Amino acid sequence: MQNPDNRSALEVARRSYRDISLYAPDRAPCRIDLSDNTSLFGVPPHALAALRAASEFSVTRYPSVYSGDLKTVIAEYIGVLPENVVTGCGSDDVLDSAIRAFGEPGDTLATANPSFAMVPLFARMNGLSVAEIRLTENQDVDARGFLGANADIIYLCSPNNPTGNAASPDSVATVIAGFDGVVILDEAYAEFTDRSFAREAATLPRLLVVRTLSKAFGLAGLRIGYGIGDPGLIREVEKSRGPYKVSSAAEQAAVRALSEDRDWVRRMVEEVRGNRGRFIDELRRIGLNPLSSDSNFVLVPVRNASQVARDMRERGVAVRPFPALARIGDAIRVSVGPWDMMQDALNALEFALA
Ligand code: PMP
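Computed from a predicted structure; not experimentally measured.

Chemist: Quick question: what am I supposed to make of the pattern of salt bridges here?
Modeler: When charged atoms on two side chains of opposite charge get close, those side chains can pair. A full pass over the atoms with the stated rule returns 17 salt bridges. When the shortest N-O distance is used, the salt bridge between Asp-344 and Arg-31 registers 3.4 Å. Of this pair, Asp-344 sits in helix 13 (residues 339–353) while Arg-31 is found in the loop between helix 1 (9–12) and strand 1 (32–33), placing the two residues 313 residues apart along the sequence. The exposure class assigned to Arg-31 is exposed, which follows from its relative accessible area of 60%. Its salt-bridge partner being Glu-137, residue Arg-327 comes within 4.0 Å of it at the nearest N-O pair. With Arg-327 in the loop between strand 11 (320–325) and strand 12 (329–335) and Glu-137 in the loop between strand 4 (129–134) and helix 6 (143–147), this residue pair connects regions lying 190 residues apart in the sequence. The class for Glu-137 is exposed, based on a relative accessible area of 69%. Each of the salt bridges in this network shares a partner with another, and the network as a whole consists of Arg-27, Asp-33 and Asp-36.

Chemist: When you look at the packing of aromatic side chains in this model, what are you seeing that I'm missing?
Modeler: The relation between two aromatic rings is expressed through the spacing of the ring centres and the mutual angle of the planes. Throughout the structure, instances matching the rule amount to three aromatic pairs. Taking the centre distance of 4.7 Å and the plane angle of 25° together, the rings of Tyr-62 and Tyr-244 count as stacked. On the criterion of sequence distance, the pair formed by Tyr-62 in the loop between helix 2 (45–52) and helix 3 (68–78) and Tyr-244 in the loop between helix 9 (231–241) and helix 10 (248–260) is long-range, its members being 182 residues apart. Given a relative accessible area of 66%, Tyr-62 falls into the exposed group. Where Tyr-189 meets Phe-297, the ring centres are 5.0 Å apart and the plane angle is 75°; that geometry is what we call edge-to-face. One end of the pair, Tyr-189, is in the loop between strand 6 (182–186) and helix 8 (198–201); the other, Phe-297, is in strand 9 (residues 297–301), with 108 residues separating them in the sequence. We note that Tyr-189, like Phe-297, is buried.

Chemist: For this particular structure, what's the right way to read the sheet that holds strand 11?
Modeler: Within a sheet, each strand pairs with its neighbour through backbone hydrogen bonds, oriented either parallel or antiparallel. Overall, antiparallel pairing links the three strands, which are arranged 9-12-11 in an open sheet. Two strands bound the open sheet, and with one partner strand each, they are strand 9 and strand 11. Adjacent strand axes in the sheet meet at a mean angle of 25°, parallel and antiparallel pairs treated alike. Pairing geometry for strand 9 and strand 12, over five bridges, is antiparallel. When the bridges of strand 12 are listed, Phe-297 appears paired with Ser-335.

Here is what the cut-offs are and how they apply
- Residues numbered from 1 in each chain as written.
- Predicted model: local features only at pLDDT ≥ 70, side-chain atom pairs only at ≥ 80, totals over all residues.
- Heavy atoms only, no water.
- Salt bridge = Lys/Arg side-chain N within 4 Å of Asp/Glu carboxyl O.
- Helix = DSSP H or I, 4+ residues; strand = E, 2+ residues; numbered from the N terminus.
- Buried < 20%, exposed > 50% of the residue type's maximum accessible area, 1.4 Å probe, protein only.
- Phe/Tyr/Trp six-rings, centres within 6.5 Å; stacked < 30°, edge-to-face > 60°.
- Pairing = 2+ DSSP bridges.
- Axes fitted to C-alpha atoms, helices over the stretch in contact; angles between N-to-C directions.

What follows is the structure, encoded as structure tokens:
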């Protein structure tokens, strides 16, 4: 038998973890951070008030088991019932729990390429294989490709990260209608577009729509995500997720945000939509060909994206480089915030390209 002292962490970890690396994005501080699609407009006022009052409730006790108060306001916000809602520690947690709930080790999850990079990781961490289905030439979901992939779970993202565009409702509906497994539809950026399947999810047996308060609601640091679906589906995700995932302070702030900050969020979303169009126009003016966007970020194909991102950082603006995206090539992804930040981003980009 091997000397127990000689067994490395890699040897004692699950075998399937050996070729999974730690997710470690470049989070070095930067004057203007347009790299992660979080809100650049500050904390919604009522959520902030709730956080300031957080010391008034007990932190010696556990939070609610499955965030019942939060489910109630989410249900009202979406137009479904509380039993159609599951919450989580960020939508990452809901996605991870759902994959674990509906996928057996050895099963296959199909996702688009390119799409949200964490999902293949969550699939592999739960023992699933990943099938990547390229987006169509106009960056839509390839419904036939998904249905022909022989997958056990299908993950769709609309608006899609990192391309920014919403999938056509027809393609999404075709996948949902033609698939006998669970479809997870990630709508993290739903507030920035008019298309959503969240209400429909409550009426369909195997569609889980996943949303977050990290983007339009500006609460990424509190880690709150949620899923909408049939009550039976929701219970399975909840089993997999486990109890006490949303902290008391986060739940209180989220309840206030969803009930009292909606107008604030709506105004901010309008500003993002305006600045997004103006930013795209300016990019075209300097000879670039950005993708159209239904979210709070814009994907801009550029040569040598990693170097461009480093040069922009030198000018105080962080963006996320994506080298060698399928069908697109190198690109940078830029979050959309107040216009002065976008002007700084344009200046930094012109510097990097010069
Ligand atoms: N889905 C998509 C498409 C995302 O872009 C992100 C954040 N980058 C998430 C889910 C996860 O967000 P959170 O865990 O903060 O809710």
